[in-house]
Amino acid sequence: MQQNFQDALAVCKEYGHPDLFITLTCNPKWDEIQEAVRSLGSQDAYVRPDIVVARVFKMKLDAMMDDFTKKNVLGRVLAVVYTLDCNCFGWNLTANAARPNPQGSYHYGTIPIVRTLVLANSAPIIKGKPRYAINKVSYKNPSTPLKLADYYNISGVYNLNTIKDTSPPGPAVIGTSVVGIELHDFVEIVFQNDENAIQSYHLDGSDFWVVGFGSGQWNSTMRKRYNLFDATTRYTAQVFPLSWTAILVSMDNKGMWNLRSAIWPRQYLGQQLYLRVWNDETSIYTESDIPPNALRCGKAANV
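The following refers to the structure shown. The written sequence of each chain sets the order in which its residues are numbered from 1. Local features are withheld for residues below a pLDDT of 70 in this predicted model, meaning they are given only at 70 or higher, and side-chain atom pairs are given and counted only at 80 or more; totals for whole chains, interfaces and linings count all residues. Hydrogens and water are ignored here; the side-chain numbers use all heavy atoms of the structure.

## Points about the overall build of the protein chain
Put simply, the rule reads: Numbering goes from the N terminus for both helices and strands, where a helix is a DSSP run of H or I of at least four residues and a strand is a run of E of at least two. Any residue under 20% of the maximum accessible area for its type is buried, any over 50% is exposed, and the rest in between are partly exposed; the area is computed with a 1.4 Å probe on protein chains only. Every residue pair with non-hydrogen atoms within 4.5 Å of one another is taken to be in contact. Methods summary: accessible areas were calculated by the Shrake-Rupley approach with a probe of 1.4 Å, and residue burial reflects only the protein chains presented.
For the protein chain, the count of helices and strands is 5 helices and 15 strands. Across the 303 residues that make up the protein chain, the buried fraction comes to 38%. By sequence separation, contacts in the protein chain at least 24 residues apart represent 75% of the contacts at least 6 residues apart. Carbon and sulfur atoms form 55% of the exposed surface of the protein chain, whose accessible area is close to 18100 Å².

Okay, structure coming up:
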């Protein structure tokens, strides 16, 4: 992404500011998408966005770019820069329905918390080298992608006991941190910052409510200070030095989701983990099948 950004700046430097800014928005009601959906035996395009929406949109985008750059329908083109933005993935609203008892509510402030994670960042020295860690585990990518290992039930790639819900005593270690969470669990995550520098965290796959923050060490009595009425939803949260920030998140999006420091050196050197949101139901309404052209590597190379 950084390289593409630099290339775009170089194009503007060479050719000047763009003359046209054109937006192409995918419409699930396009005839091609509706026809493909019917052929798959489904009534909604969101069921297979990877095959239906993405491919149809790409074909239309390629046709439009061909009109501009080869057929010159708007005149001779000297340079083209474009980006793709996909907003069809994120919070799975079809799964985030009214919860059965004892949940029984839509409003985040009245849903009982089923699990609490207190995640403490640190900057340890491991094997003579500086690292960053969460709950005494500095993350290391395995040779087999976590989602492939999870999908094909490949053992030996990760262990759900590698990282604990709270920071344990003892020295930090290097490991593949994966937290197992049941689909539809309502989870409280507390970011505990014991360092004298501001922290920033980003969660993939779901947005969350930032409900509280304060100085010092978090404990359960801090929940009395939470905003359980009108908190805003976000994907990124900051934590002040020697302070804590609490979020509530509805784990309604099945998958393997990255929770990481938004500060690049810290993320690269281990301040991240994955949330495995899972249940034993196999259904395209909670998670799409893996695309047939997905790249497989590591222990999944010959699956």
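There's more to say after this.
## Structural notes on the environment of I126
The residue I126 is located in strand 2 (residues 125-126) in this model. In sequence terms I126 and P171 are 45 residues apart; their C-alpha atoms lie 8.6 Å from each other. Leave out the neighbours within four places in its chain, and I126 touches R131, S138, A172, V173 and I174.

## A look at the packing of aromatic side chains
In plain terms, the rule: Pairing of aromatic side chains here covers Phe, Tyr and the six-membered ring of Trp, requires ring centres within 6.5 Å, and sorts the geometry by plane angle: under 30 degrees stacked, over 60 edge-to-face, intermediate tilted.
If you walk through the whole model with that rule in mind, you get 7 aromatic pairs. Both rings, one in Y151 and one in Y152, keep their centres 5.0 Å apart while their planes meet at 85°; by these two values the pair is edge-to-face. Note on Y151: relative accessible area 36%, which makes it partly exposed. What makes Y152 partly exposed here is its relative accessible area of 23%. Through pairs of rings, three or more aromatic residues link up here, namely Y108, F186 and W209.

## So, a nonpolar patch on the surface
Rules: Each patch is assembled from residues with relative accessible area greater than 30% and no salt bridge, linking like charges that lie within 9 Å and nonpolar side chains (Val, Leu, Ile, Met, Phe, Trp, Tyr) that lie within 5 Å. Any Lys or Arg side-chain nitrogen located within 4 Å of an Asp or Glu carboxyl oxygen qualifies as a salt bridge.
A grouping of L20, I22, V73 and L74 is seen on the molecular surface, where their side chains present a nonpolar patch of about 400 Å² in accessible area. Mapped onto the secondary structure, V73 falls in the loop between helix 3 (49-69) and strand 1 (115-122).

## Focus on the environment of H184
Let me state the cut-off plainly: What qualifies as a polar contact is a pair of N or O atoms within 3.5 Å, subject to a donor-acceptor requirement within protein and to the restriction that residues adjacent in sequence count only when both atoms come from side chains.
In this structure, H184 sits in the loop between strand 7 (178-182) and strand 8 (186-193). For H184 and N279, which are 95 residues apart along the polypeptide, the C-alpha to C-alpha distance reads 9.1 Å. A polar contact is formed between the side chain of H184 and the side chain of D252, at a distance of 2.6 Å.

## Section: the environment of R276
Structurally, the position occupied by R276 is in strand 15 (residues 272-278). Residues contacting R276, with those up to four places away along its chain left out, are D150, Y158, L160, V178, V179, G180, I181, G255 and M256. At a separation of 3.1 Å, a polar atom in the side chain of R276 contacts the side chain of Y158.

## Focus: the sheet that holds strand 15
Which entries qualify depends on this criterion: A pair of strands counts as paired when DSSP detects no fewer than two bridges linking them. To obtain an axis, a line is fitted to C-alpha atoms, over the contacting stretch when the element is a helix, and the angle between two such axes runs from 0 to 180 degrees between their N-to-C directions.
Taking strand neighbours across the sheet as the criterion, the 5 strands line up as 7-15-14-9-12 in an open arrangement whose pairing is mixed. This sheet does not close on itself; its edge strands, each paired only once, are strand 7 and strand 12 (236-239). Strand after strand, the sheet turns through a mean of 20° between neighbouring axes, direction not considered. The pairing of strand 14 (residues 255-261) with strand 15 spans 6 bridges and is classified as antiparallel. By the bridge assignment for strand 15, W257 is matched with L275.

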